[in-house]
Amino acid sequence: MTPALLLGIFQLFLIVGGSLALALFIADRLFPPMERIRDSREIRRPRVQSPTAVPPAAPAPARPPTALQGFAPYRAPAWLGQYWRGNLRMIGPLLTIWLVSFTVPALLAPALNRISVLTGFPLGYYMSSQGAVIVFIALTLIYAWRMRRLDQRHGLDPTTSPQQRHEHLRLYVIFGTFGVAFISLVSLVGAVEAVYAIPPEAIGWLFVLVTVGIYAVIGLWARTGQVDEYYVAGRRVPAPLNGLAISADWMSAASFISMAGALYLLGFEGLAYITGWTGGYVLLVLLLSPYLRKFGQFTIPDFIGARYPGAASRIIGALIAIIISFTYLTAQVTGIGIIMSRFLGLNYALGVVVALSAVLLCSFLGGMKAITWTQCAQGVILVVAYLVPVTWLSLKLTGVPFPQLMYGEALRHIVALEEAQGIAASYVEPFNDWSPVNFIALALCLMLGTAGMPHILVRFYTVSNVRESRASVSWALIWIAVLYLTAPAYAAFSRWEILQDIVGRPTAELPAWAANWAETGLLTIAESPEEGGNGDGVLQYEELRIDQDLIVLATPEIAGLPATVVALVAAGGMAAALSTADGLLMVIASAVAHDLYHRTLNPRAGLREQLWVGRTMILVAAALATLTAVQRLAIIVQMVAWAFSLAAATFFPVLVLGIFWKRATGRGAAAGMLCGLLATAGYMAVTYFAPDLALFGISTLAAGIFGAPVNFLVTWLVSRLGPPSSPQIRALVDSLRHP
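Now for a description of the structure that goes with this document. Please read all numbers here as calculations on a predicted model, not as lab measurements.

1. A word on a positive patch on the surface
Step number 1: Together, Arg85, Arg89, Arg146, Arg149 and Arg153 give the surface a local cluster of positive charge.
Step number 2: Elements represented by at least two residues in the positive patch include exactly α2 (80–107) and α4 (123–153).
Step number 3: Per element, the largest residue contribution to the positive patch is 3 residues, and it comes from α4.
Step number 4: Among the secondary structure elements, Arg153 is positioned in helix α4.
Step number 5: Overall, Arg153 belongs to the partly exposed group, its relative accessible area being 38%.

2. Let's talk about a nonpolar patch on the surface
Step number 1: Among the surface-exposed residues, Val100, Val104, Leu107 and Leu108 lie close enough to one another that they form a single nonpolar patch of about 330 Å² accessible area.
Step number 2: Mapped onto the fold, Val100 is located in helix α2.

3. Structural notes on the pattern of salt bridges
Step number 1: Here the structure, examined in full by the defined rule, presents 11 salt bridges.
Step number 2: Between Asp302 and Arg314 there is a salt bridge, with the nearest N and O atoms lying 3.0 Å from each other. Taken together, the residues Asp302 in helix α11 (residues 300–307) and Arg314 in helix α12 (residues 311–343) connect sequence positions 12 residues apart.
Step number 3: Since its relative accessible area comes to 2%, Asp302 is described here as buried.
Step number 4: Measuring nitrogen to oxygen at the nearest pair gives 3.6 Å for the salt bridge that ties Asp302 to Arg599. Separated by 297 residues along the polypeptide, Asp302 in helix α11 and Arg599 in helix α21 (residues 563–601) bring together distant segments of the chain.
Step number 5: Connected through shared salt-bridge partners, Arg148, Asp157, Arg467 and Glu468 make up one network.

4. Quick look at helix α10 (residues 271–295)
Step number 1: With 25 residues, α10 should cover 36 Å at 1.5 Å per step; its first-to-last C-alpha distance of 35 Å lies within 8% of that length.
Step number 2: When the local axis directions of α10 are compared, the greatest deviation, roughly 55°, occurs at Leu284.
Step number 3: With 25 of 25 residues buried, α10 is to be regarded as a mostly interior element.
Step number 4: Just downstream of α10, Gly296 is the residue with a positive phi angle, here 70°.

5. A word on the packing of aromatic side chains
The geometry of an aromatic ring pair comes down to the distance between the two centres and the angle between the two planes.
Step number 1: One pass over the structure, following the stated rule, counts 27 aromatic pairs.
Step number 2: Residues Phe431 and Phe439 carry aromatic rings whose centres are separated by 5.9 Å and whose planes lie at 80° to one another, so their mutual orientation is edge-to-face.
Step number 3: Residue classification places Phe431 among the buried positions, given a relative accessible area of 17%.
Step number 4: Phe439 gets classed as buried once you look at its relative accessible area, which sits at 1%.
Step number 5: In this structure, Arg495 is placed above the aromatic ring of Tyr264, and the distance from its NZ or CZ to the ring centre is 5.4 Å.

Reading the values: rules and limits
- Numbering of residues begins from 1 in every chain and follows the order in which that chain's sequence is written.
- Per-residue local features are limited, in this predicted model, to residues with pLDDT of at least 70; the limit for side-chain atom pairs, both in listing and counting, is 80 or more; totals at the level of whole chains, interfaces and linings are taken over all residues.
- Hydrogens and water molecules were not included; the side-chain quantities draw on all heavy atoms of the structure.
- The patches described consist of residues with a relative accessible area above 30% and no salt bridge, like charges being joined within 9 Å and nonpolar side chains (Val, Leu, Ile, Met, Phe, Trp, Tyr) within 5 Å.
- Methods summary: accessible areas were calculated by the Shrake-Rupley approach with a probe of 1.4 Å, and residue burial reflects only the protein chains presented.
- The rule for a salt bridge is simple: a side-chain nitrogen of Lys or Arg has to be within 4 Å of a carboxyl oxygen of Asp or Glu.
- Charged-residue counts in this description rest on Lys and Arg as positive and Asp and Glu as negative, His and the chain ends being excluded.
- We put the charge of a Lys on NZ, of an Arg on CZ, of an Asp on CG and of a Glu on CD.
- Only DSSP runs of H or I with at least four residues qualify as helices, and only runs of E with at least two residues qualify as strands; both kinds are numbered from the N terminus onward.
- Between buried and exposed lies partly exposed: a residue is buried under 20% and exposed over 50% of the maximum accessible area for its type, with that area taken using a 1.4 Å probe on protein chains only.
- Take the number of residues in a helix, subtract one, and multiply by 1.5 Å to get its expected span.
- The quantity called bend is, for any residue, the angle between two axes fitted respectively to the seven residues ending at it and the seven beginning at it.
- The aromatic pairing rule takes the rings of Phe, Tyr and Trp, using the six-membered ring of Trp, and pairs them if the centres are within 6.5 Å, calling planes under 30 degrees apart stacked, those over 60 edge-to-face and the rest tilted.
- Two conditions define a charge sitting above a ring: the NZ of Lys or the CZ of Arg must be within 6 Å of the ring centre, and it must be within 35 degrees of the ring normal.

Below you can see the structure in the form of structure tokens.
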């Protein structure tokens, strides 16, 4: 990067930083100081509803007790042991089904691929692309249903007041109307484009300005003066909308922009991302989300600090949350830069700064409340933007507008075209480049990382009760599946279109989209002998070098779809990147302001002071992420996979042990997180620079598969060698198990 570019970026930060400082000053004068509104809802005393129900010995407190928070000691009711054993009897078989559903099909994929199902899917490919996801959804629904019956048996099922039902209905109507209005806007712009010659750049700017304007309006509307609303949206978000917000938070630039591209390039091996990024939600509902909601604080380091008393565990947890979130945030910034540079014609660095400024304005004023409702809108936009092009493409190529079903036909055509063109590595055959061990290791690592990602875990604080937290997971996975079941179709139809219409053409006659995307550096035509081509003037498959970040963004142009669809994809990619960036910046701000500054360094800090520290940290994190993203150190999916490895190796083990093993101690957790972090980072560094040193063929992307067991082992060993956890901590664990 040249000194002139660095100077330009620095000047941009001065301009944007000054503008944000002025906005903060005005906001501070417009909005009153924040005040803490505690969650006063109490868990009702269990009532006997059946002969099997055992009356409780004592009422449960509304919030989990810790010495720091001054709650009275918790006395576990007599029936809690029976309730917990019933829960464990469900978790065990469901975890077994979860494990079998993605490991066995992967191991048997070569044999299963000899069988064709539905529209031509090889069975092994189908099981890893769709079958496992459907099983995961079924497992979350079954667990939520069975646990609700168990709660009812013990008189624990919470009721919903008429006021709450009315408020939920109002929110459903608002976002349903928004979805219809957005689809109508897309249809109107498409109709106008068909009649008038509107420049594609103008349509792109229209969609980006309209969507970013919507996010800003929601941020202003959702401004708040209460700490509970700023950090956890007031704990009043209904499960379907919390699931939609989780899915938007989840479906990041990696999911929207890069996942279909990874499938296009990797073929069967890329399905590890599909199973990995969905299977983790089974772990969330079985092992974590209900207990985090019962804990009911603000951050994941809050839980770690209460369950593992001592400054060390909280500080380590906060620092790890910052590291994970910053790594993931850099990936989102990279995606924003790609979209802004290609579709709006802005300089990459300028596009990043402009887009992040919109994110900062929204999150400053309303915190998690504004982020929640913004993410619901973004979830609607990105799902529409993802489905429209591939549905259109499916209709164009197969005559049926159901891409999730019809891409089996695309796979058949791809196999035939590959044979005709002499492409050795088959798209649908497994393990051309990876070993089965690496496939399963990456999928498992992404699952553990999913269950340890702090920006997803904090969303379970935002619902009203434990039942809603379980339902949120099911709703989130259903929303996510809409995109994840479609991503393989995107990749297959794009590959079919390119092999059929692009490969084999004279390089001088390539369409305009090739030159446009070559300017972004995401596409290279290596036709000359010096670049590895044969120099015959005809494009061969090996001479077309496509970056995985290109497929989703370029497919509308490749297929000759209208400019409205191209702009819609850009708006969807922006929504995906901005929604995740919102959540990650909130995690970083809360980790610094709440966990490090207020809880550790300055316990007497006032609410206004905490708010200013958090907002300042949001600005600093955004600036640092931008500077890192400008370097383009790695592709989006690789940076995201690193973040998931870190989460799998640090947070997931100590959170699970903290709930399911009372003997785990603060020293054990601190040592486990540090050792897991070092093991993962060490393996990443070694295999990134020396891939030949990988163990069992496991790549740097799955480094967390080594760090997680190290964390479990070290936490167990140090906890066993040291003094046991205190009676107060054991009471806290009992209270977490009381729904």
